[in-house]
Amino acid sequence: MKVTGFTFVRNAVKLDYPVVEAISSILPLCDEVIVLVGNSEDTTPELIRSINSPKIRIFDSVWDDSMREGGRVLAIETDKAMQHISPDTTWCFYIQADEVVHEDDYPAIRAAMEKYRDDQRVEGLLFNYIHFYGTYDYVGDSRTWYKHEIRIVRNVKGLHSYKDAQGFRIDNRKLYVKPVNARIHHYGWVKDNRTAGFEKWKNTILLYHGHDKEKTDAILSSNWFDYTGIDSLAKFKGTHPAVMKEHIARKNWEFEHDISKKQFKNFTKKMLYWIERWTGKRLFDYRNYKLLR
């Protein structure tokens, strides 16, 4: 069984992505890792090379910024990274530049890949998500955040990234997956709101709303990102992946939030939130995959 990790990255220094930690977190599970480095305005190429692992294969890429609308360019770069995966690979482990795997979950991930290695019905493995927000002490606990996503896929013909690279398709159909008892720690919204946080927000607005001049002008004319508009947060009670220790130690901003304060946009969102809290079930949730029973 051969496992190939793959990712893409651009402007990781400018946007404060923990990409070194992301790649490092999957290295123990992979035989090789493909890193597609986009044309950056900072020292991202040097940062990737600093990992200095014989498992890593680095390739250069130039982003087509005309394809930013709806985040489409993210899927394009994901597909370009997949093109470098060798045919003898069994499983492809996808990680984004702001996602980190916890070392405590390695045994479960290895066991799942071994268990379903020869079961061709299983086209992907589904991970649980923890979305951090503001600082490393808070997590999003509302329907704003997706709970599960595919991060390991079988190396098959017709596999491609979907929409803004959140999930995958095989010839435009959803993948059949099995859940794995493992977590992806998502740190994309943990940044200083006046530097990298604002740059991240600008980047997101341009990616998804570049056609809306009124919205983009309003954001670009500011100089900071307001974290207080979130609908619901909870305190994080677990542990972070070990590879994040130094990154977290460099945190140099404060963010306090009253977790009892909820700011849902309408009654339906409020009702569905509390139903999930009371029952553990997320009703009417969109699934970017098909679960195998």
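Residues numbered from 1 in each chain as written. Predicted model: local features only at pLDDT ≥ 70, side-chain atom pairs only at ≥ 80, totals over all residues. Heavy atoms only, no water.

Report on the overall build of the protein, specifying residues and quantitative values.
For the protein, the helix and strand inventory stands at eight helices and 13 strands. Counting the 293 residues in the protein, one finds 51% classified as buried. Long-range contacts, defined here as pairs at least 24 residues apart, represent 79% of the contacts in the protein between residues at least 6 apart. As displayed, the protein offers around 14,400 Å² of accessible surface, 51% of which is attributable to carbon and sulfur atoms. (Helix = DSSP H or I, 4+ residues; strand = E, 2+ residues; numbered from the N terminus. Buried < 20%, exposed > 50% of the residue type's maximum accessible area, 1.4 Å probe, protein only. Contact = heavy atoms within 4.5 Å. Areas by Shrake-Rupley, 256 points an atom, 1.4 Å probe, with all protein chains shown as cover.)

An account of the pairing of strand β1 (residues 3-9) is needed here, citing residue identities and associated values.
In terms of burial, β1 is largely enclosed, as seven of its seven residues are buried. Here β1 shows no split at all, with V3, G5, T7 and V9 on one side and T4, F6 and F8 on the other all buried. Where β1 lies against strand β4 (residues 91-94), four bridges are found, and the strand directions are parallel. Bridge pairing in β4 links T4 to C92. Two elements, β1 and strand β2 (residues 32-38), share six bridges in a ladder whose sense is parallel. (Pairing = 2+ DSSP bridges.)

Residues and numbers for the packing of aromatic side chains, please.
With the rule as written, the count across this model stands at 15 aromatic pairs. Centroid distance Y133 to W145: 6.0 Å. Interplanar angle 65°. Geometry classified as edge-to-face. A residue pair is termed long-range when its members are at least 10 positions apart, and Y133 in strand β6 (residues 124-133) and W145 in the loop between β7 (135-140) and β8 (148-154) qualify at 12 residues. With a relative accessible area of 9%, W145 lands in the buried category. Where Y133 meets F255, the ring centres are 6.3 Å apart and the plane angle is 75°; that geometry is what we call edge-to-face. (Phe/Tyr/Trp six-rings, centres within 6.5 Å; stacked < 30°, edge-to-face > 60°.)

Which residues make up the environment of S260, and what values go with them?
Within the secondary structure layout, S260 lies in the loop between α7 (245-249) and α8 (267-279). Here D258 takes part through its side chain, which lies 2.6 Å from a polar atom of the side chain of S260. (Polar contact = N/O pair within 3.5 Å; in protein donor to acceptor, adjacent residues only side chain to side chain.)

Outline the pattern of salt bridges, supporting the account with residue identities and numerical values.
Scanning all chains against the criterion turns up 16 salt bridges. Across the pair R10 and D65 runs a salt bridge whose closest N-O atoms are separated by 3.0 Å. Here D65 lies in the loop between β3 (56-61) and α3 (72-82) and R10 lies in the loop between β1 and α1 (19-26), a separation of 55 residues in the sequence. Note that R183 is salt-bridged to D105, the shortest N-O span being 2.9 Å. Linking R183 in strand β11 (residues 176-189) with D105 in the loop between β5 (99-101) and α4 (106-115), this pair joins segments that are 78 residues apart in sequence. R183 gets classed as partly exposed once you look at its relative accessible area, which sits at 24%. Within the structure, one salt-bridge network assembled from shared partners comprises K2, E32, R57 and D88. (Salt bridge = Lys/Arg side-chain N within 4 Å of Asp/Glu carboxyl O.)

Which residues make up the nonpolar core, and what are the values?
One finds I23, F93, I109, L125 and F127 to be the most contacted residues of the largest nonpolar core, which totals 37 residues. Of all the secondary structure elements, the ones that give two or more residues to this core are β1, α1, β2, β4, α4, β6 and β11. Those residues in contact with F93 that sit more than four places away from it in its chain are V3, T4, G5, F6, I26, L29, C30, V101, I109, F127, R151 and I152. Formed by 23 residues, the second largest nonpolar core is a distinct cluster that contains A75, A81, C92 and A165. (Core = buried A, V, L, I, M, F, W, Y, C linked by side-chain atoms within 4.5 Å.)

Summarise α1; cite the residues concerned and give the values.
Within an α-helix, residues lying three or four positions from one another point in the same direction, as the helix has 3.6 residues per turn. Burial analysis of α1 places six of its eight residues in the buried class, the great majority of the element. Taken residue by residue, α1 has V19, E21, A22, I23, S25 and I26 as its buried positions.

Summarise the state of the cysteines; cite the residues concerned and give the values.
In total, this model carries zero disulfides according to the counting rule given. With no disulfide of its own, C30 lies 9.6 Å from the sulfur of C92, the closest cysteine sulfur. Under the relative-accessibility criterion, C92 is labelled buried at 0%. (Disulfide = S-S within 2.5 Å.)

Before we move on, can you summarise the side chain of T135 with the specific residues and values?
By the secondary structure assignment, T135 is in strand β7. For T135, a relative accessible area of 1% corresponds to the buried category. Apart from residues no more than four positions distant in its own chain, T135 is found in contact with V190, K251, W253 and F255.

Describe unusual backbone geometry, with residues and values.
Of note, N11 is a non-glycine position whose phi angle comes to about 55°, a positive value. Relative to the assigned elements, N11 resides in the loop between β1 and α1. On the accessibility criterion, N11 (9% relative accessible area) is buried. Here the phi dihedral of A165 falls at roughly 75°; this positive angle occurs in a residue that is not glycine. Locating A165 in the fold gives a position in the loop between β9 (159-162) and β10 (167-170). Relative accessible area serves as the criterion here: at 0%, A165 is assigned to the buried category.

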